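Chain by chain, the residues:
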Amino acid sequence: MPSNQSPIPISLPLLLSFAITLQISADEWPQFRGPTGDGISTAVNVPVEFGEDQRLAWKTVIPGRGWSSPVFDGEYLWLSTAEEIFPGEEERLQLLREAGEEEKKFKQKQVARSIELAIIQVDYETGEIVNKIQLEEIVKPDPIHNLNSYSSPTPFLTGDKLIAHFGTFGTYCLSTITCEIEWHRRIELEHSVGPGSSPFVHNNLLILICDGVDKQFVTALNVKDGTTAWTVDRPEMRAATGDQKKSYNTPIILTGPNGREQLICMGSQWLVSYEPATGKEFWRLDHGSGFSVVPRPVYSDEHEILFISTGFGKPELLAIRPDGEGDVTDKNKIIWRDPKRIPSRPSPLILGNELYIISEGGIATCFDIATGNVHWSTRIDGNYSASPLFAEGKIYVSSQEGRVTVFEPGTEYKELSANEIDGSIMASPLALDGSLVFRSDAALYRFSQ
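About the cut-offs
Residues numbered from 1 in each chain as written. Predicted model: local features only at pLDDT ≥ 70, side-chain atom pairs only at ≥ 80, totals over all residues. Heavy atoms only, no water. Helix = DSSP H or I, 4+ residues; strand = E, 2+ residues; numbered from the N terminus. Rg over C-alpha atoms; globule rule 2.2 N^0.38 Å. Buried < 20%, exposed > 50% of the residue type's maximum accessible area, 1.4 Å probe, protein only. Contact = heavy atoms within 4.5 Å. Areas by Shrake-Rupley, 256 points an atom, 1.4 Å probe, with all protein chains shown as cover. Core = buried A, V, L, I, M, F, W, Y, C linked by side-chain atoms within 4.5 Å. Salt bridge = Lys/Arg side-chain N within 4 Å of Asp/Glu carboxyl O. Pairing = 2+ DSSP bridges. pLDDT = per-residue confidence, 0-100. Axes fitted to C-alpha atoms, helices over the stretch in contact; angles between N-to-C directions. Arc of directions from axis to C-beta. Patch = residues over 30% accessible without salt bridge, like charges linked within 9 Å, V, L, I, M, F, W, Y side chains within 5 Å. Lys, Arg positive; Asp, Glu negative; His and termini not counted. Charge placed at Lys NZ, Arg CZ, Asp CG, Glu CD. 1 Å grid on protein atoms, 1.4 Å probe; cavity = no way out; pocket = protein on both sides within 12 Å on 5 of 7 lines; lining within 4 Å. Points joined across faces, edges and corners; volume = space filled by probe spheres on them. Nonpolar A, V, L, I, M, F, W, Y, C, P; charged D, E, K, R; others polar.

Draft legend 1. Spotlight on the overall build of the chain. For the chain, the helix and strand inventory stands at two helices and 36 strands. Over its C-alpha trace the chain gives a radius of gyration of 21 Å, about what one expects of a compact globule, namely 22 Å for 449 residues. Oriented by its inertia axes, the alpha-carbon framework of the chain measures out at about 55 × 55 × 45 Å. Residues classed as buried in the chain amount to 61% of the 449 residues present. Counted over contacts in the chain with a minimum sequence separation of 6, partners at least 24 positions apart contribute 57%. Carbon and sulfur atoms make up 46% of the accessible area of the chain, which amounts to about 17000 Å² in all.

Encoded structure:
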């Protein structure tokens, strides 16, 4: 397909599906999965074909490592990173023993001798690193899973503040004007495989899902000074071990069928709706035995349906009516469910009357939102952790092998291009007017028309 192609026409249902994002500039990307946290961008003139030698505006090597996505304030890209000092093999095994890890899990764990947490500020136009803000050194940090990093939660931009969250390793509020730390909190938690839940800000409250193997709760901090506004424990769980109680989800806000604003916090076994200002529980739904939940929920305002993936174990996709009071498990709130091809890492994507997913193994599926009927399901080369992106009538899926496949939304699968970059993509990408931004395991890329 020629690189100067005309934009693909966007149908009325697709326009309706992201109309709520139009009040937010396409030149802002403040949080995980973009302006409204659902992977939908209003950017125009977005590249379809690109690579190391095609439409590359710049490529910047980033110090340290992290699977967090960059965020963008209109002038600078900001991203979190962890510079790791790794031990030799003998010391690695000793550190794992000291951390209390089971020997049978040694092969799937990594551990650092120390990590240096930092925020990188990158000039969007040039790709130049203009600032590296050192946060803290952590000596002998907890081990993490081989697929994770010590800097996986995506930061949140709110006004002139950047919230950087590293799970149990620390939560920091920085001024984007002075680049100074305004406050710092340490909320200790045993993640088991490392941090994963991204921070979320609503009405000057920073919401953090803290679902560890040792304790599970949701807390809200005041953005101004980091003091605790409220904390609520998660519902009691059936699981016999903490490993099946942990979770790594990121909250969303929705206004449900009854007009009530809700904070949706997905976790192991339970999906819970809270009052954002107070943490008061509205309702809870027992979704089964799923745990270590990563995919962020998505909500269709048009259909008034909430979608979740139930996480590891045997992941299912559930379509839920988000209303009621108390325990709604047996109140017929689940409209439909599907147990096949469901991701336990990438989040879903809603466009008009369709919902799109891609599994870790590369099975992409398009569902009818109202019925759960499958329009199509196909294999796309690669393994996937990053969540799908929609921009200018196209869907982008990015693999751990560095392959970015672009296809057209609709009830039939139509691939538009397949693009390659060096390295592994674990972070979800950004679409901004005229550009795409990707973070690989080693570099930050900007591709431009």
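Draft legend 2. How the structure looks around the nonpolar core. In this structure, Leu 77, Val 122, Tyr 396, Leu 436, Phe 438 and Leu 444 are the most contacted members of the largest nonpolar core, which totals 32 residues. Of all the secondary structure elements, the ones that give two or more residues to this core are strand E4 (76-85), strand E6 (114-123), strand E30 (389-391), strand E32 (403-408), strand E34 (430-432), strand E35 (435-439) and strand E36 (443-448). Broken down by element, the residue count for this core peaks at four residues, all from E36. Within the second largest apolar cluster, 27 residues are counted, among which are Ile 163, Leu 189, Ala 220 and Val 232.

Draft legend 3. Up close: the side chain of Thr 168. Position of Thr 168 relative to the elements: it lies in the loop between strand E10 (161-165) and strand E11 (171-175). Ignoring any residue separated from it by four or fewer positions in sequence, one finds Thr 168 in contact with Asp 142, Arg 186, Ile 187, Glu 188, Leu 189 and His 191.

Draft legend 4. Representation of the pattern of salt bridges. In total, this model carries 25 salt bridges according to the counting rule given. Between Lys 109 and Glu 101 there is a salt bridge, with its nearest N and O atoms 2.6 Å apart. Note on accessibility: Lys 109 and Glu 101 belong to one class, buried. We note a salt bridge from Asp 323 to Lys 333, for which the minimum N-O separation is 2.5 Å. Pair noted here: Asp 323 is in the loop between strand E23 (317-320) and strand E24 (326-327) and Lys 333 is in the loop between E24 and strand E25 (334-338), with a separation of ten residues, a long-range link. Among the residues examined, Asp 323 registers a relative accessible area of 11% and is labelled buried.

Draft legend 5. Quick peek at the pairing of strand E15 (residues 216-222). Within E15, six of the seven residues are buried, leaving the element largely enclosed by the surrounding structure. Looking at chain direction, strand E14 (residues 205-211) and E15 are connected through seven bridges and run antiparallel. When the sheet's bridge partners are listed, Leu 205 is paired in E15 with Asn 222. Hairpin geometry of E14 and E15 is characterised by an intervening segment of four residues between the two adjacent antiparallel strands. The sheet contact formed by E15 and strand E16 (residues 228-233) spans five bridges and is antiparallel. Its bridge partner lying in E16, Thr 219 is registered against Thr 231.

Draft legend 6. Representation of the confidence of the model for the chain in the model. Looking at the chain as a whole, the pLDDT averages 94, with 94% of positions reaching at least 70. pLDDT under 50 marks residues 1-25. Its contacts with residues more than four places away, or in other chains, come to 37 contacts.

Draft legend 7. Spatial organisation of the sheet that holds E34. Taken together, four strands build an open sheet; the order of strands is E2-E36-E35-E34 and the sheet is antiparallel. Each edge of the sheet is formed by a strand with only one pairing partner; in this case those strands are strand E2 (56-61) and E34. Strand-to-strand twist of the sheet, defined as the mean angle between neighbouring strand axes without regard to direction, takes the value 15°. Note: E35 against E36, five bridges, orientation antiparallel. Bridged to Val 437 within E36 is Arg 446.

Draft legend 8. Main features of the sheet that holds E14. One open sheet accounts for four strands, arranged E13-E14-E15-E16; its pairing is antiparallel. Bordering the open sheet on either side are strand E13 (200-202) and E16, each of which pairs with just one other strand. Direction aside, the axes of adjacent strands within the sheet are offset by 20° on average.

Draft legend 9. Geometry of the environment of Gly 382. Mapping Gly 382 onto the fold places it in the loop between strand E29 (374-379) and E30. Overall, Gly 382 belongs to the partly exposed group, its relative accessible area being 24%. Sequence separation between Gly 382 and Glu 137 is 245 residues, and the spatial gap between their C-alpha atoms is 35 Å. If we skip the residues at most four places from it in the chain, Gly 382 touches Glu 360, Gly 361, Gly 362, Ser 399 and Glu 401.

Draft legend 10. Inspection of helix H2 (residues 89-98) at higher detail. The complete set of buried residues in H2 reads Arg 92, Leu 95 and Leu 96. Taken end-on, H2 shows its buried residues confined to a sector of 100°, consistent with a single buried face. Where H2 is buried, its residues touch strand E5 (109-110). Following H2 by one or two positions, Gly 100 has its phi on the positive side, about 80°.

Draft legend 11. Spotlight on a negative patch on the surface. A cluster of like negative charges, contributed by Asp 27, Glu 28, Asp 73, Glu 75 and Asp 433, occupies part of the molecular surface. Locating Asp 73 in the fold gives a position in the loop between strand E3 (71-72) and E4.

Draft legend 12. Region of the structure containing empty space enclosed by the protein. The full count for this structure, using the stated rule, is three cavities of 30 Å³ or more. A volume near 110 Å³ is recorded for the largest cavity. Lining the largest cavity are 14 residues; nearest its centre among them are His 165, Gly 167, Leu 189, His 191 and Ile 209. The biggest single contributor to the lining of the largest cavity is E14, with three residues. Of the residues assigned to the lining of the largest cavity, the class counts are six nonpolar, seven polar and one charged. Considered as a void within the structure, the second largest cavity measures approximately 40 Å³ in volume. Contributing to the lining of the second largest cavity are Ile 62, Gly 64, Arg 65, Gly 66, Arg 439, Ser 440, Asp 441, Ala 442 and Ala 443. The residue makeup of the lining of the second largest cavity, split by class, is three nonpolar, three polar and three charged.

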